[in-house]
Amino acid sequence: MQMMAKEIEQKFLVVGDGWRVAAAGRKELRQFYLASATDRSIRVRIQDGQQATLTIKFGGATRVRDEFEYDLPTSDAAEMQAFAVGNPVVKTRHLVHYGGRLWEVDEFAGALSGLVMAEVESDDIVQPSERPSWVGREVTEEAGFYNLSLALNGLPEGVS
């Protein structure tokens, strides 16, 4: 299945655990990158060990990007990991509804353990007055907080 979408997303560091009471579901994600350039990436994601997708993104670390996504046999995805650049990114994604929007709160594992970020995709920019109290600093325009950078470089400087 092919999807093409303009992705308008905002990323934030999470402060505190206030989001946990509203979490309505979770997914275990393992993702890795097969190729990357300044303005594009090719990612494979395996969800809950049972479903895999291949995603091609154009636009780099910006608020608006073009994205193409395709279903992939899980066995193929597992084999492709041998060709990954950088390290796999492993995280638990919690689904949190707030203010009529779906927020995805990612708790990272492994070398990225301790990092918790929230992401919201929307047709427009979510203004500060529309954000939940557990959302901290916006890192949308900070390339070091994108999954590709986390896979290639680890935690951004100053984050523990």
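What counts, and where the lines are drawn
- Residues numbered from 1 in each chain as written.
- Predicted model: local features only at pLDDT ≥ 70, side-chain atom pairs only at ≥ 80, totals over all residues.
- Heavy atoms only, no water.
- Phe/Tyr/Trp six-rings, centres within 6.5 Å; stacked < 30°, edge-to-face > 60°.
- Helix = DSSP H or I, 4+ residues; strand = E, 2+ residues; numbered from the N terminus.
- Buried < 20%, exposed > 50% of the residue type's maximum accessible area, 1.4 Å probe, protein only.
- Lys NZ or Arg CZ within 6 Å of the ring centre and 35° of its normal.
- Pairing = 2+ DSSP bridges.
- Contact = heavy atoms within 4.5 Å.

A complete count under the given rule lists three aromatic pairs for this structure. Between the aromatic rings of F58 and F68, the centroid separation amounts to 6.1 Å while the plane-to-plane angle is 85 degrees, which identifies the pairing as edge-to-face. Taken as a pair, F58 in strand β4 (residues 51–58) and F68 in strand β5 (residues 64–72) lie far apart in primary sequence, ten residues in all. Its relative accessible area of 21% is what places F68 among the partly exposed residues. Three or more aromatic residues joined by ring pairs make a cluster, and in this case those are F12, W103 and W134. Stacked on the ring of Y146, the Lys or Arg K11 has its end atom at 4.9 Å from the ring centre.

This paragraph deals with the pairing of strand β7 (residues 101–108). With respect to burial, β7 is a largely interior element, six of its eight residues being buried. Note that strand β6 (residues 85–98) and β7 share eight bridges and pair antiparallel. Looking across to β7, one finds that T92 is bridged to E107. Where β6 folds back on β7, the antiparallel hairpin that results is connected by two residues, among which G99 adopts a positive phi of roughly 60 degrees. Direction of pairing for β7 relative to strand β8 (residues 116–121): antiparallel, over a ladder of five bridges. Across the sheet, W103 pairs through a bridge with V120, a residue of β8.

With that out of the way, let us pick up the side chain of K11. For K11, the position within the fold is in strand β1 (residues 2–14). You can call K11 buried: its relative accessible area is 4%. Once you skip the residues sitting within four places of it in the chain, K11 turns out to touch A118, E119, R137, E138, V139, T140, F145, Y146 and N147.

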